[in-house]
Amino acid sequence: ERISDEEAEEKILKLEYRLAQFEQVEACQESYLSFVRSMWPEFIAGRHHKIMAEKLERVASGELKRLIINMPPRHTKSEFASFLFPAWMIGKYPHLKIMQVSHNAELSSRFGSKVRNLMEQKEYKNIFGDVKMAKKSDRVIRREQKKANKQIKNQNKKKQVIDNSRKSCNKMKV
């Protein structure tokens, strides 16, 4: 059975559209900045965003083990590193365990909720399928975050004691 030229053209257009969708999904899975643009259509990338995205991709690949992002407020640090990056990482590596720690438990809990909410969106599921965060109650999550925050504070106190003792030793040398 032969199809008309119009039907053939319509099928070709549908196939081209579907191919473009597959390419977009693949780009979002491989490129952090493509993922950001897909999840946040109003986003306008600046030079610093491209640098952050490249560094976060190096963290994701394991090439970069430590990263400190030090920029003025309102430069998208939190949205990039604490919201969109964990969502992207969980999509790429569903069995990865991520702990979000902040200077207070409420802030890290809020980012965790934003990540969970994003992962429930249709747009996210179109890219990574039905990936879900482990189901823990907010109470359990907050308790774990408080424990982690306490450990960090204790480490900082120990470091401060060591630094202060070095200063005392330096003063005694005079």
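Summary of the structure given here. (Residues numbered from 1 in each chain as written. Predicted model: local features only at pLDDT ≥ 70, side-chain atom pairs only at ≥ 80, totals over all residues. Heavy atoms only, no water.)

Thoughts on the overall build of the protein
For the protein, the count of helices and strands is seven helices and zero strands. Counting helices and strands in the order they occur from the N terminus, the protein gives α-α-α-α-α-α-α. Within the protein, the proportion of its 174 residues that are buried is 26%. Pairs at least 24 apart in sequence give 66% of the contacts found in the protein among residues at least 6 apart. For the protein, the exposed surface amounts to about 13,300 Å²; the carbon and sulfur share of it is 52%. (Helix = DSSP H or I, 4+ residues; strand = E, 2+ residues; numbered from the N terminus. Buried < 20%, exposed > 50% of the residue type's maximum accessible area, 1.4 Å probe, protein only. Contact = heavy atoms within 4.5 Å. Areas by Shrake-Rupley, 256 points an atom, 1.4 Å probe, with all protein chains shown as cover.)

A closer look at the nonpolar core
Core analysis: the biggest nonpolar cluster contains 27 residues, and Tyr32, Phe35, Phe80, Leu84, Trp88, Leu118 and Tyr124 have the highest contact counts within it. Of all elements in the fold, only α2 (32-39), α3 (47-61), α4 (77-92), α5 (105-119) and α6 (122-128) reach the threshold of two or more residues within this core. No other element matches α4, which puts eight residues into this core. For Tyr124, the residues in contact, after removing those within four places along its chain, are Phe35, Met39, Ala87, Ile90, Gly91, Leu118, Met119 and Gly129. (Core = buried A, V, L, I, M, F, W, Y, C linked by side-chain atoms within 4.5 Å.)

Comments concerning a negative patch on the surface
A grouping of Glu1, Asp5, Glu6, Glu7 and Glu9 is seen on the molecular surface, where their side chains present a negatively charged patch. On the secondary structure map, Glu1 appears in the segment before α1 (5-30). (Patch = residues over 30% accessible without salt bridge, like charges linked within 9 Å, V, L, I, M, F, W, Y side chains within 5 Å. Salt bridge = Lys/Arg side-chain N within 4 Å of Asp/Glu carboxyl O. Lys, Arg positive; Asp, Glu negative; His and termini not counted. Charge placed at Lys NZ, Arg CZ, Asp CG, Glu CD.)

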